[in-house]
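In case you want the letters, here they are:
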Amino acid sequence: LKGWKPLLDGFVELKQSGPRAEEPALRQAIAEARLLMGGPEPAAVADDPEAKQVLEELRATFLALPAEIQRDVALLSLPMSSHRENQLMVSALQYGSTIVVQNSVQEGFGLTVTEAMWKGTPLVVSSACGIRQQIRPGVDGTMVRDANDPSQIAAALRSALADPAGRVRMARNARRRVRDEFLIFNQVKQNVKLLAELVG
């Protein structure tokens, strides 16, 4: 449900897109783009029985890629034996990324999305229900309407790579949105307000 395979296919489409009359900076950004797909070690996630199958499918797809694209893709299985170490690795990946992609087919409130928003890392996200409540398209991040459509994902990645200033603006808006809407203090304030209204 995290949309791994369409994301990988979309990245491949981005890399293989034919020559276009694009700005040299965008051509260079696409040429230098790397995709790191990081997720928990499947054996450590008891409530996700399909995780191992998804990882195997990704491995098979990866092994079938042309060598020049294989060099630009990494599959990272994060250990879960220490929650602290896992959190530090995920945080480092989010801080170190030019763009964080959350291509969920279904998602409640996306913690990964909020973490990247808070870190000020630009986002490309799917329009899964919970994420739609977090990200305003073009304001806080770039949104893909159909998480199963590699062409839409490729177009969203191209759009994000083409606009460094827009990425910075949206990342700044996203951080502000987390501060104003999603921190615990705001949630407590909203709950107190609701209780006050109910009590009358």
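Look above for the structure.
Just so you know, these numbers come straight off a predicted model, no measurement behind them.

**Q** When you look at the overall build of the chain in this model, what are you seeing that I'm missing?
**A** If you tally the helices and strands in the chain, you get ten helices and five strands. The C-alpha atoms of the chain give a radius of gyration of 18 Å, which matches the 16 Å a tight globule of 200 residues would have. Its C-alpha atoms give the chain principal-axis dimensions of about 65 × 40 × 30 Å. When the 200 residues of the chain are sorted by exposure, 39% land in the buried category. Taking the intrachain contacts of the chain between residues at least 6 apart in sequence as the baseline, contacts between residues at least 24 apart amount to 61%. When the accessible surface of the chain is summed, it comes to about 11,800 Å², and 55% of that surface belongs to carbon and sulfur atoms. Distance between charge centres in the chain, computed from 24 positive and 23 negative side chains, equals 7 Å.

**Q** Can you help me understand helix α10 (residues 184-199) in this one?
**A** The periodicity of an α-helix, 3.6 residues per turn, causes residues three or four places apart in sequence to face the same way. Taking 1.5 Å per residue, 16 residues should reach 22 Å; α10 reaches 22 Å between its end C-alpha atoms and fits that length. Residue G200 follows α10 closely and has a positive phi angle near 95°.

**Q** Can you help me understand the nonpolar core in this one?
**A** The tendency in soluble globular proteins is for nonpolar side chains to be buried side by side. Among the nonpolar cores identified, the biggest contains 24 residues, and L8, L14, L65, V73, V124 and L161 are the most heavily contacted of them. Elements with a contribution of two residues or more to this core: α1 (4-16), α2 (24-32), β1 (35-40), α3 (51-63) and α8 (150-162). Sort the elements by how many residues they give to this core and α8 lands first, with six residues. If sequence neighbours within four positions are ignored, L8 has contacts with L35, M37, L58, T61, F62, L65 and V73. V100, V113, A116 and A174 belong to the second largest nonpolar core, which has 13 residues in total.

**Q** What exactly am I supposed to notice about the pairing of strand β4 (residues 123-126) here?
**A** Sheet faces and side chains relate simply in a regular strand, where the side chains alternate between the two faces. Side-chain alternation along β4 places L123 and V125 on one buried face and V124 and S126 on a second face that is also buried. Here three bridges tie strand β3 (residues 100-102) to β4, and the two strands are oriented parallel to one another. By the bridge assignment, V100 is partnered in β4 with L123. Handedness of the β-α-β unit built from β3, helix α6 (residues 111-119) and β4 comes out right-handed. In terms of strand pairing, β4 meets strand β5 (residues 142-144) through three bridges, oriented parallel. Residue pairing for β5: S126 is matched across the bridge by V144. Traced from β4 through helix α7 (residues 129-134) to β5, the parallel crossover comes out right-handed.

So, how was this worked out
- Residues numbered from 1 in each chain as written.
- Predicted model: local features only at pLDDT ≥ 70, side-chain atom pairs only at ≥ 80, totals over all residues.
- Heavy atoms only, no water.
- Helix = DSSP H or I, 4+ residues; strand = E, 2+ residues; numbered from the N terminus.
- Rg over C-alpha atoms; globule rule 2.2 N^0.38 Å.
- Buried < 20%, exposed > 50% of the residue type's maximum accessible area, 1.4 Å probe, protein only.
- Contact = heavy atoms within 4.5 Å.
- Areas by Shrake-Rupley, 256 points an atom, 1.4 Å probe, with all protein chains shown as cover.
- Lys, Arg positive; Asp, Glu negative; His and termini not counted.
- Charge placed at Lys NZ, Arg CZ, Asp CG, Glu CD.
- Expected span 1.5 Å × (residues − 1).
- Core = buried A, V, L, I, M, F, W, Y, C linked by side-chain atoms within 4.5 Å.
- Pairing = 2+ DSSP bridges.
- Right-handed = clockwise from strand over helix to strand, strands pointing away.

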